[in-house]
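Below are the chains, spelled out letter by letter.
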Amino acid sequence: MPNYWLMKTEPTAFSIHDLAKAPKKTTCWEGVRNYQARNMLRDDIKKGDFVLFYHSNTDEVGVYGTAIVVKEGYPDPFQFDKKSKYFDDKASKDTPRWYMVDIKLDQIFQSPVTLTEMRSLKPLSNMKLLQKGQRLSVQPVTKTEWNTIVKIGQKA
DNA sequence: GCCAACGTTGGC
DNA sequence: GCCAACGTTGGC
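Thresholds, definitions, all that
- Residues numbered from 1 in each chain as written.
- Chains lettered and ligands numbered in written order.
- Predicted model: local features only at pLDDT ≥ 70, side-chain atom pairs only at ≥ 80, totals over all residues.
- Heavy atoms only, no water.
- Near = heavy atom within 4 Å.
- Polar contact = N/O pair within 3.5 Å; in protein donor to acceptor, adjacent residues only side chain to side chain.
- Nonpolar A, V, L, I, M, F, W, Y, C, P; charged D, E, K, R; others polar.
- Helix = DSSP H or I, 4+ residues; strand = E, 2+ residues; numbered from the N terminus.
- Buried < 20%, exposed > 50% of the residue type's maximum accessible area, 1.4 Å probe, protein only.
- Contact = heavy atoms within 4.5 Å.
- Salt bridge = Lys/Arg side-chain N within 4 Å of Asp/Glu carboxyl O.
- Pairing = 2+ DSSP bridges.
- Axes fitted to C-alpha atoms, helices over the stretch in contact; angles between N-to-C directions.

Asker: In this structure, what is going on with the protein's contact with DNA strand B? I would like to understand it.
Answerer: Taken together, Tyr35, Gln36, Lys132, Gly133 and Arg135 make up the full set of residues adjacent to DNA strand B. Atoms of DNA strand B within 4 Å of the protein: sugar and phosphate make up 72%, bases the balance. In the environment of DNA strand B, a phosphate oxygen lies 2.9 Å from a nitrogen or oxygen atom belonging to the side chain of lysine 132. With respect to DNA strand B, the side chain of arginine 135 contributes an N or O atom lying 2.7 Å from a base oxygen. Taken together, the residues that form the surface near DNA strand B break down as one nonpolar, two polar and two charged.

This is the structure in structure tokens:
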């Protein structure tokens, strides 16, 4: 049984359209530097799991499409790269601190399911994303939440 | 650009 | 282990 997740990105840094243009429409999800999110990337997110692709910090905030996990948690190499902004001198190859997964584009929605719209939907009333102060860039999503959003995204 | 909410750091 | 200071996230 696959699980469902939501991943946030700032589209100025990496958007779903960038993912569409990437080789094999696949990218590694580097740069997550939060322990809770790290634990999910390392332990919980499995190959074949589904991802809601969310744009934050933009004019129209919301879910822009879906992706599939094609590679499970492995050490984020940028933590070892002194030139990277994600470099972490407390991490070593023997004891990596940060992890990432690879995801592949599934579909881009006809039009995004906006945060405003999501707030108005009953089945999403308990969704983590909509709770106050929720900043996690990787979050679990229930199957119901997934189905609700994807249905609207596809229809729109 | 503002600012509330949250996470991390570091002195004690 | 406490907590103030600081940095970051992210909606608006």
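Asker: Mind showing me how you'd approach the side chain of glutamine 139 here?
Answerer: Among the structural elements, glutamine 139 can be located in strand β6 (residues 138-141). Classification of glutamine 139 by relative accessible area gives buried; the value is 1%. A distance of 3.1 Å separates a polar atom in the side chain of glutamine 139 from the backbone oxygen of leucine 136. Aside from chain neighbours lying at most four places away, what touches glutamine 139 is Tyr4, Trp5, Leu6, Lys8, Met40, Lys128, Leu129 and Gln134.

Asker: Help me out: how do you make sense of the pattern of salt bridges in this one?
Answerer: Side chains that differ in sign of charge can pair as their charged atoms come close. One pass over the full model with this rule turns up three salt bridges. Aspartate 43 serves as the salt-bridge partner of arginine 42, at 2.9 Å between the closest nitrogen and oxygen. For aspartate 43, a relative accessible area of 36% translates into the label partly exposed. Among the ionic pairs, arginine 97 bridges to aspartate 88, the shortest N-O distance being 3.5 Å. Note on aspartate 88: relative accessible area 11%, which makes it buried.

Asker: Can you walk me through the protein's contact with DNA strand C in this structure?
Answerer: Surveying the vicinity of DNA strand C reveals the residues Lys8, Tyr54, Ser56, Asn57, Val61, Leu115 and Arg135. In the interface set of DNA strand C, defined as its atoms within 4 Å of the protein, sugar plus phosphate atoms amount to 62%. Between tyrosine 54 and DNA strand C, the recorded distance is 2.5 Å, taken from a side-chain N or O atom to a phosphate oxygen. Split into classes, the residues belonging to the surface near DNA strand C amount to three nonpolar, two polar and two charged.

Asker: Before we go on, may I ask you to explain the environment of valine 69 in this structure?
Answerer: Among the structural elements, valine 69 can be located in strand β4 (residues 62-75). Judged by relative accessible area, valine 69 falls into the buried class, the value being 2%. Sequence separation between valine 69 and threonine 26 is 43 residues; the distance between their C-alpha atoms is 9.3 Å. The contacts of valine 69, once residues within four sequence positions are left out, are Ile45, Lys46, Lys47, Gly48, Asp49, Val51, Val101, Asp102 and Ile103.

Asker: Could you clarify how one ought to interpret the sheet that holds strand β5 (residues 99-114) in this entry?
Answerer: Two modes of strand pairing occur in sheets, parallel and antiparallel, and in both the strands are linked by backbone hydrogen bonds. The six strands are arranged β2-β5-β4-β3-β1-β6 in an open sheet whose pairing can be described as mixed. With one partner strand each, in any of the chains shown, β2 (26-28) and β6 form the two edges of the open sheet. Going across the sheet, the axis of each strand differs from the next one's by a mean of 35 degrees, ignoring polarity. Note that strand β1 (residues 4-9) and strand β3 (residues 50-55) share six bridges and pair parallel. Pairing of leucine 6 across the sheet is with leucine 52, part of β3. Across the sheet, helix α4 (residues 143-155) touches β1, β3, β4, β5 and β6, and the angle it forms with β5 is around 50 degrees.

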